[in-house]
Amino acid sequence: MQTQFNLTQNDIPKQWYNIQADLPQPLPPTLHPLTMQPAGPADMEPLFPMELILQEVSQERYIDIPSEVRDIYALYRPTPLMRAVRLEKALGTPAKIFYKYEGASPCGSHKANTAIAQAFFNKAAGITKLSTETGAGQWGSALAMATRFFDMECKVYMVRVSYEQKPYRRSVMQLFGASVTPSPSNETESGRGILASDPDCPGTLGMAISEACEVAIKNVDTKYSLGSVLNHVLMHQTVIGEETLMQLDMAGVEADVVIGCVGGGSNFGGIALPFLRNNLRDGAKTRLVGVEPMACPTMTKGLYAFDYGDTAKMAPIVKMHTLGHDFVPPRIHAGGLRYHGVAPILALGHHLGLIDAIAVHQVPTFEAAALFAHSEGIIPAPESAHAIRAAIDEALDAKAKEEERVIVFNLSGHGFLDLGSYDAYLGGRLEDYAYPEELIRTSLQKLPQVTL
Ligand SMILES: *Cc1c(COP(=O)(O)O)cnc(C)c1O
């Protein structure tokens with residue numbers, strides 16, 4: 001039975017898909033963090049090059065991928081679409097399970113898709129240095145690689161707990177020439193402020209974002225780069241969904257359900273948005289399911305409201321499902337899913353009922369990862385394992401209902417640098433965190449009071 005659906009280099013998409021052209025209502029405006037009024041392109045210029053700002057607000061349905069970017073994509077794209085026949089057998093399900101394997105990228109996750117594009121557009125604007133944050137380290141690795149390809153400098157603020165727990169991620173970034181600092185740090189005003197009140201602060205993504213933004217705002221040769229959440233980031237990731245559509249065509253099937261894990265929302269948006277286009281424009285009826293950790297249940301339990309993108313209130317205010325900008329989620333092993341908000345595009349889609357969301361616990365997620373590894377041989381990133389959990393549950397549901405169902409999920413990355421988490425799983429040291437209701441309630445009281 002055919003299990004691999006491979007495209008050729010010529011099939012690498014030539015355009016990114018911009019869902020803004022097809023959303024039933026426009027996205028709410030992005031607000032300036034100080035004035036709380038709609039931000040124009042000029043307000044965002046200290047952080048991003050103009051080309052990316054224009055992509056952020058573009059209403060064009062398709063945007064050309066520069067040939068320089070496609071040439072680098074060709075190092076690992078198109079990525080394979082696999083049919084998980086052995087997993088289907090293990091589950092005894094009549095469903096067909098397919099996964100798109102973004103772990104095939106050099107740094108092991110989908111994040112290279114936007115890192116390469118962002119480095120290119122910054123370089124073209126004359127920028128010589130990018131600053132960014134990283135949680136688990138995948139984004140920092142991808143941006144370190146991309147800036148190396150374009151001979152740029154890279155400054156990474158890495159959440160302190162991860163810096164200490166994941167030394168090899170740090171080595172990857174440093175090998176590519178990036179400078180890596182644990183956050184909060186003494187290098188920035190916002191970092192010093194946090195350390196003054198809490199010298200042992202373990203850090204959060206929101207804090208690291210504040211430090212990276214500050215460096216970009218204070219240096220003309222430096223811009224800030226974000227690995228998820230923003231419209232242009234989700235757009236760069238649509239190469240995943242466009243390839244998947246072609247590959248399902250080769251397999252002669254149509255997807256009933258498309259699944260991805262959700263941190264900031266970029267890998268799920270990347271696979272799901274081209275399917276959402278077909279739902280909106282061609283009457284397709286693919287169900288789209290984002291999967292979150294129960295410990296940080298942004299779409300399933302958060303409020304759809306305006307909130308800051310970071311802890312120090314320096315990043316723009318956007319309307320999204322949020323748990324509050326100073327919410328510190330429990331230390332689950334899927335570090336890449338611990339962001340307090342979610343991409344405004346997914347938030348609006350969920351708000352309008354176009355996108356479903358579910359939350360899953362940590363232990364059953366690792367059980368799903370183990371079953372996947374036993375049948376398909378790939379050790380998934382703990383983040384991606386959330387999508388696997390949901391795909392397996394779909395397949396078991398199809399079995400109970402004796403239904404044929406085509407299930408597609410995005411395997412956003414491999415887990416070879418997450419073996420510490422698997423050690424904890426094997427040693428029985430993983431716990432399920434209850435949904436942190438009290439923490440979230442307190443944090444949600446601090447949303448900005450926006451009057452538009
Ligand atoms: C960063 C990361 C995620 C979460 O980020 P999204 O923007 O939601 O995709 C998921 N999986 C992997 C492997 C990651 O590196």
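Worth saying up front: this structure is predicted, and the values here are computed from it rather than measured.

Conventions adopted
Residues numbered from 1 in each chain as written. Predicted model: local features only at pLDDT ≥ 70, side-chain atom pairs only at ≥ 80, totals over all residues. Heavy atoms only, no water. Axes fitted to C-alpha atoms, helices over the stretch in contact; angles between N-to-C directions. Helix = DSSP H or I, 4+ residues; strand = E, 2+ residues; numbered from the N terminus. Contact = heavy atoms within 4.5 Å. Nonpolar A, V, L, I, M, F, W, Y, C, P; charged D, E, K, R; others polar. Salt bridge = Lys/Arg side-chain N within 4 Å of Asp/Glu carboxyl O. Buried < 20%, exposed > 50% of the residue type's maximum accessible area, 1.4 Å probe, protein only. Pairing = 2+ DSSP bridges. 1 Å grid on protein atoms, 1.4 Å probe; cavity = no way out; pocket = protein on both sides within 12 Å on 5 of 7 lines; lining within 4 Å. Points joined across faces, edges and corners; volume = space filled by probe spheres on them. Domains from an automatic or database assignment.

Asks: Kindly report on the packing of helix H9 (residues 189-197) against helix H10 (residues 205-218), identifying the contributing residues and their values.
Replies: Two numbers describe how H9 lies on H10: the axes approach to 8 Å, and their chain directions differ by 145 degrees. Side by side, H9 and H10 meet where Glu 189, Ser 190, Gly 191 and Ile 194 of the first sit next to Met 207, Ser 210, Glu 211, Glu 214 and Lys 218 of the second. When the residues that make up the contact of H9 with H10 are grouped by side-chain class, the tally is two nonpolar, three polar and four charged.

Asks: Which residues make up the pattern of salt bridges, and what values do they have?
Replies: Per the counting criterion, the structure on display carries 20 salt bridges. Ionic pairing is found between Arg 77 and Glu 243, a salt bridge with its closest N-O pair at 2.8 Å. Taken together, the residues span a long stretch of sequence, with Arg 77 in the loop between helix H3 (67-73) and strand E4 (81-83) and Glu 243 in helix H12 (residues 238-251) at a distance of 166 residues. Across the pair, exposure class does not vary: Arg 77 and Glu 243 are buried alike. Three or more residues are tied together by salt bridges with common partners; here these are Arg 287, Glu 394, Asp 397, Lys 401, Glu 403 and Arg 405.

Asks: Which residues make up the sheet that holds strand E8 (residues 179-183), and what values do they have?
Replies: The four strands are arranged E8-E7-E6-E9 in an open sheet whose pairing can be described as parallel. Of all the strands in the sheet, just E8 and strand E9 (222-224) have a single pairing partner and so form its edges. Averaged over all adjacent pairs, the angle separating strand axes in this sheet is 25 degrees, with direction ignored. In this fold helix H6 (residues 138-149) packs onto strand E6 (129-134) and strand E7 (153-159), with an angle of close to 165 degrees to the strand it touches most, E6.

Asks: Lay out empty space enclosed by the protein with the relevant residues and their values.
Replies: Enumeration over the complete set of coordinates arrives at three cavities of 30 Å³ or more. The volume enclosed by the largest cavity comes to roughly 390 Å³. Considering the residues around the largest cavity, the lining is formed by 33 residues, among which Lys 111, Leu 205, Ser 228, Gly 264 and Gly 336 are closest to the centre. Contributing elements (two or more residues each) for the lining of the largest cavity: E6, H6, H10, helix H13 (266-282) and helix H17 (382-400). Residue composition of the lining of the largest cavity, by class: 10 nonpolar, 20 polar and three charged. Looking at which domains feed residues into the lining of the largest cavity, each of domain 1 (16-66 + 111-230) and domain 2 (76-108 + 232-444) supplies at least three. One number sums up the size of the second largest cavity: a volume of about 70 Å³.

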